[in-house]
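Chain by chain, the residues:
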Amino acid sequence: MDRRKFTGTLSLTAMGSMLGAPIVFGKKIPETYIPLALQDPDPFKMFKKDSEMTVLNDRPWNIEAKAHLLNDAVTPNKYMFIRNNGKIPTNIDANTWSLTIDGEAVNRSKTYTLQELKSKFKTHTYQLTLECGGNGRAEFNPPAKGNQWTVGAVSCAEWTGIRLLDVLEDVGITSGAVYIGYHAVDTHLSGDPNKEPISRGVPMAKALQDETLLAFKMNGDAIPLAHGFPLRLVCGGWPASASGKWVNRISVRNKVHDGSKMGGTSYRVPCETVAPGSKVDDENMCIIESMPVKSLITHPKSGAMLTNKKSLNINGHAWAGELEVSKVEYSIDFGSTWRSCTLSKPTNRLAWQHFKAQVIFPKKGYYEVWARATDSRRKSQPMVLPGWNPKGYLNNACHRIAVKVV
Ligand SMILES: Nc1nc2c(c(=O)[nH]1)N[C@H]1C(S)=C(S)[C@@H](COP(=O)(O)O)O[C@H]1N2
Ligand SMILES: [Mo]
């Protein structure tokens, strides 16, 4: 990684926020000088991530959690995956930040400062599940290009902000509104200032939900730079690519938003199941909306050894996009029989739910514990890989851990 390039254009405020303290004599720093504490080329320190997190790519930065790191009820910053399509912006000044609402379907476009947004509209706090559409991609065959996410591109943090609904109501939208599309300040890997790395969105029905936030806090503090400081659109339960980081403009469109990564094979899957490896025409691809039902065993870590003990407490989380999870079961006989787990209600809509069970093993030996969640419409996770698609999205196959009873 080229550390120099990364911090070369950092503003004093951004450097201060990365250091966790303002740089007192900051104004005296020579122009290209990088503070010693930021010269450490360690992404874990740079993003305040735990050293057990897995780096999948450093250009752009993509980092995932291991299943056992996600055991907390609410995901702390240090275990939250990072997914970037372009370069993380480095010159952000929250004091001058503004958000413009424009597009074909607003009466008149309007710009708010961040301060105005915070004081004018009511604040809401929700736990919201964000899963990358490509989480689980690594398992697809034929393989799909892109970051080879295993299971850890999912989080459920507590987000605080204002409702997009309230802002759009204040601006005034026309009856022709179909979709919103976000625009952000991160830059394209090519360096071309006219290319947006990503500009996605959601249909009006999702945009106007209670839980769709313009967030300025994550887990009670300012959003970390890597996760969208100072303002982020958060659309829980949908592919996390719909939750724009570093957002400074939202367009209310009179058609399906056509920004970068809205077409082709990006965040789209064949509308009908296809044979693995097929080529699918553009018009037969559909935009991913609500994410499918899924669960993750976060305790114990796969590979656990049970010495002189035949019972094991497992726990984890389950989520189902827009829906609630109605049950989670586990199997220790490769899916032949299933037993119920205890499942909690979500703290709020679109928050993941927690499950636990006490597993009893009949005798010494090797076992696998498989978990399977079912949503409120009775759809369950597949035991094996679900429908192949060109970019390897939506792998919600059962999570499994290995256990030895010795
Ligand atoms: N501006 C902007 N927003 C973005 C992205 C991005 O590259 N740029 N990546 C998206 C994708 S694909 C995902 S999965 C999530 C990742 O959010 P996180 O890094 O906070 O976990 O952010 C989404 N929002
Ligand atoms: Mo993503």
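Thresholds applied
- Residues numbered from 1 in each chain as written.
- Chains lettered and ligands numbered in written order.
- Predicted model: local features only at pLDDT ≥ 70, side-chain atom pairs only at ≥ 80, totals over all residues.
- Heavy atoms only, no water.
- Helix = DSSP H or I, 4+ residues; strand = E, 2+ residues; numbered from the N terminus.
- Buried < 20%, exposed > 50% of the residue type's maximum accessible area, 1.4 Å probe, protein only.
- Areas by Shrake-Rupley, 256 points an atom, 1.4 Å probe, with all protein chains shown as cover.
- Lys, Arg positive; Asp, Glu negative; His and termini not counted.
- Charge placed at Lys NZ, Arg CZ, Asp CG, Glu CD.
- Phe/Tyr/Trp six-rings, centres within 6.5 Å; stacked < 30°, edge-to-face > 60°.
- Lys NZ or Arg CZ within 6 Å of the ring centre and 35° of its normal.
- Pairing = 2+ DSSP bridges.
- Disulfide = S-S within 2.5 Å.
- Contact = heavy atoms within 4.5 Å.
- Near = heavy atom within 4 Å.
- Polar contact = N/O pair within 3.5 Å; in protein donor to acceptor, adjacent residues only side chain to side chain.
- Nonpolar A, V, L, I, M, F, W, Y, C, P; charged D, E, K, R; others polar.

(A) Structural view of the overall build of the protein chain. Check the secondary structure of the protein chain and you find six helices and 24 strands. A principal-axis box enclosing the C-alpha atoms of the protein chain has dimensions of 65 × 55 × 40 Å. Buried residues in the protein chain amount to 53% of all 406 residues. Counting every atom, the protein chain has about 18400 Å² of accessible surface; 51% of that belongs to carbon and sulfur. Averaged over its 51 positive side-chain charges, the protein chain has a centre that lies 5 Å from the centre of its 37 negative ones.

(B) Focus on the packing of aromatic side chains. The tally for this structure, following the rule as stated, stands at seven aromatic pairs. Plain terms: the ring middles of Phe 81 and Trp 149 are 5.9 Å apart, the flat faces sit at 80° to each other, and that makes the pair edge-to-face. Linking Phe 81 in the loop between strand E2 (61–64) and strand E3 (82–83) with Trp 149 in the loop between strand E6 (123–131) and strand E7 (154–163), this pair joins segments that are 68 residues apart in sequence. For the pair formed by Phe 81 and Trp 149, the shared burial category is buried. The positively charged end of Lys 118 is found above the aromatic ring belonging to Phe 216, 5.1 Å away from the centroid. Against the face of Trp 370 rests Arg 400, its NZ or CZ located 4.3 Å from the ring centre.

(C) Representation of the pairing of strand E4 (residues 98–102) in the model. The element E4 is largely enclosed, with a buried count of four among its five residues. Sheet topology note: the E4/strand E5 (residues 110–113) ladder contains four bridges and is antiparallel. Within E5, the position partnered with Thr 100 by the bridge is Thr 111. Across three bridges, E4 lies against strand E13 (residues 247–253) in parallel orientation. Paired with Thr 100 across the bridge in E13 is Arg 249.

(D) Structural view of the state of the cysteines. A complete count under the given rule lists one disulfide for this structure. Between the sulfur atoms of Cys 271 and its disulfide mate Cys 286 the distance is 2.1 Å. In this structure the cystine formed by Cys 271 and Cys 286 twists about its S-S bond by roughly 105°; its chirality is therefore right-handed. Of this pair, Cys 271 sits in the loop between strand E14 (268–270) and strand E15 (285–287) while Cys 286 sits in strand E15, and the two are 15 residues apart along the sequence. Residue classification places Cys 286 among the partly exposed positions, given a relative accessible area of 33%. Here Cys 156 is not disulfide-linked; the sulfur of Cys 235 is the nearest cysteine sulfur, at 15 Å.

(E) The arrangement of the sheet that holds strand E20 (residues 339–340) in detail. If you walk across this open sheet you meet the five strands as E17-E24-E23-E19-E20, and the pairing is mixed. The open sheet has two edge strands, strand E17 (304–306) and E20, and neither has a second partner.

(F) Representation of the side chain of Thr 100 in the model. Tracing the backbone shows Thr 100 in strand E4. Setting aside residues no more than four positions away along its own chain, Thr 100 makes contact with Lys 110, Thr 111, Asn 248, Arg 249 and Ile 250.

(G) Expanded view of the site of ligand 1. The local shell around ligand 1 holds 19 residues, among which Phe 81, Asp 186, His 227, Arg 232 and Lys 245 are the closest. One nitrogen or oxygen atom from the main chain of Ser 243 is found 3.0 Å from a nitrogen atom belonging to ligand 1. Lys 245 has a polar side-chain atom sitting 2.6 Å from an oxygen atom of ligand 1. Surface burial for ligand 1 is 100%, taken as the share of its 530 Å² of free accessible area covered by protein chains. Among the secondary structure elements, those contributing two or more residues to the shell around ligand 1 are E3 and strand E8 (179–184). Looking at the shell around ligand 1, its residues break down into nine nonpolar, six polar and four charged.

(H) How the structure looks around the sheet that holds E3. In spatial order, the strands read E1-E2-E3; together these three strands make up an open sheet with antiparallel pairing. Each edge of the sheet is formed by a strand with only one pairing partner; in this case those strands are strand E1 (54–58) and E3. In the sheet, E2 pairs with E3 via two bridges, with the strands oriented antiparallel. Opposite Asn 62, over in E3, you have Arg 83 as the bridge partner.

(I) Region of the structure containing the pairing of strand E10 (residues 213–218). In terms of burial, E10 is largely enclosed, as five of its six residues are buried. The pairing of E7 with E10 spans five bridges and is antiparallel. Across the sheet, the residue bridging to Arg 163 is Leu 213, located in E10. Sheet topology note: the E10/strand E12 (residues 232–234) ladder contains three bridges and is antiparallel. Note on E12: the bridge partner recorded for Ala 215 is Arg 232. Two elements, E10 and strand E11 (residues 221–222), share two bridges in a ladder whose sense is antiparallel. Of the residues in E11, the one forming a bridge with Lys 217 is Ala 222. As consecutive antiparallel partners, E10 and E11 are separated by two residues, and within that stretch Asn 219 has a phi angle of approximately 50°, a positive value.

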